[in-house]
Amino acid sequence: MAVKQKEHKPLHLAKLNIKKGDTVVILTGKDKGKEGTISRALPQINKVIVEGRNIVKKHIRPQGQTQQGGVIEKAMPIHVSNVMLKCTECGERTRVAHDRRPMGADQKKRVVRVCKKCGKVIQDRTRSS
Ligand SMILES: [Zn+2]
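Residues numbered from 1 in each chain as written. Predicted model: local features only at pLDDT ≥ 70, side-chain atom pairs only at ≥ 80, totals over all residues. Heavy atoms only, no water.

## Considering the pattern of salt bridges
Right, on to step 1. In total, this model carries seven salt bridges according to the counting rule given.
Right, on to step 2. Asp124 is the salt-bridge partner of Lys19, the closest N and O atoms lying 3.1 Å from each other. With a gap of 105 residues between them, Lys19 in the segment before strand 1 (23–26) and Asp124 in the segment after strand 10 (108–115) connect regions that are remote in the sequence.
Right, on to step 3. The exposure class of Lys19 is partly exposed, given its relative accessible area of 25%.
Right, on to step 4. Lys57 is paired through a salt bridge with Glu73; the nearest N and O atoms lie 3.9 Å apart. Separated by 16 residues along the polypeptide, Lys57 in strand 4 (residues 55–60) and Glu73 in strand 5 (residues 70–75) bring together distant segments of the chain.
Right, on to step 5. With relative accessibility at 54%, the residue Lys57 sits in the exposed group. (Salt bridge = Lys/Arg side-chain N within 4 Å of Asp/Glu carboxyl O. Helix = DSSP H or I, 4+ residues; strand = E, 2+ residues; numbered from the N terminus. Buried < 20%, exposed > 50% of the residue type's maximum accessible area, 1.4 Å probe, protein only.)

So, in structure tokens, the structure goes:
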């Protein structure tokens, strides 16, 4: 039996419990203990970019005539296991549960994120309406 070339597919495309706009606490690295807001979620690699945190200075060499050399500061992605969501309701760092609850104007049951500490629905700051 011919062995197919292995594809690097993720076992499951994990849905991140953390979304853009969430406040998180950083658990590791030089920004340990600091809070920040998610500016970008990267579910493909299970990482998030926290605004103004995990900043790395990058030295850029001049490339031809188009790019100037110098130092730029860049927020590097942090693995989701290294941050913890801060509950919008009780302000505690928490893990997230999922639940179906009636939400919105029509009170239709929707899957929401629930704080494991206080049991309240964690507000999704990017969701419109
Ligand atoms: Zn809570």
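## Some words on the pairing of strand 1
Right, on to step 1. Of the two faces of strand 1, the one holding Thr23 and Val25 and the one holding Val24 and Ile26 are both buried throughout.
Right, on to step 2. In terms of strand pairing, strand 1 meets strand 7 (residues 83–86) through three bridges, oriented antiparallel. Within strand 7, the residue paired with Ile26 across the bridge is Val83. (Pairing = 2+ DSSP bridges.)

## With respect to the coordination of the zinc ion
Right, on to step 1. Taken together, the protein donors to the zinc ion comprise Cys87 (SG), Cys90 (SG), Cys115 (SG) and Cys118 (SG), at separations of 2.2 to 2.3 Å.
Right, on to step 2. Here the zinc ion binds four donor atoms, and the angle range of 103 to 115° at the metal identifies the geometry as tetrahedral.
Right, on to step 3. Using a relative accessible area of 3% as the deciding quantity, one classes Cys115 as buried. (Donors = N, O, S within 2.8 Å, 3.2 Å for Na, K, Ca; no water. Tetrahedral: all angles 85-135°; square planar, octahedral: opposite > 155°, others 65-115°.)

## Thoughts on the nonpolar core
Right, on to step 1. Ile18, Val24, Ile38, Val48, Val50, Val83 and Ile122 are the most contacted members of the largest nonpolar core, which totals 15 residues.
Right, on to step 2. The contacts of Val48, once residues within four sequence positions are left out, are Leu16, Ile18, Ile38, Arg40, Ala41, Leu42, Met76, Pro77, Ile78, Val80 and Val83. (Core = buried A, V, L, I, M, F, W, Y, C linked by side-chain atoms within 4.5 Å. Contact = heavy atoms within 4.5 Å.)

## Considerations on the UniProt feature "domain: KOW" (unreviewed entry) in the protein
Right, on to step 1. As recorded in UniProt, the sites labelled "domain: KOW" (unreviewed entry) are residues 17–44.
Right, on to step 2. Across residues 17–44, helical content stands at 0% and strand content at 43%; the span's end C-alpha atoms are separated by 13 Å. (UniProt positions renumbered as here; feature names shortened; annotations may be inferred.)

## Considering the sheet that holds strand 2 (residues 35–42)
Right, on to step 1. Read from one edge to the other, the open sheet built from six strands follows the order 6-3-2-1-7-8, with strand pairing classed as antiparallel. Strand pairing shows two members of the sheet lacking a second neighbour, strand 6 (78–79) and strand 8 (93–94), which therefore form its edges.
Right, on to step 2. The pairing of strand 7 with strand 8 spans two bridges and is antiparallel. Note on strand 8: the bridge partner recorded for Lys86 is Arg93.

## Overview of the side chain of Asp22
Right, on to step 1. Relative to the helices and strands, Asp22 resides in the segment before strand 1.
Right, on to step 2. Separated by 2.7 Å, the side chain of Asp22 and the backbone nitrogen of Lys19 make a polar contact. (Polar contact = N/O pair within 3.5 Å; in protein donor to acceptor, adjacent residues only side chain to side chain.)

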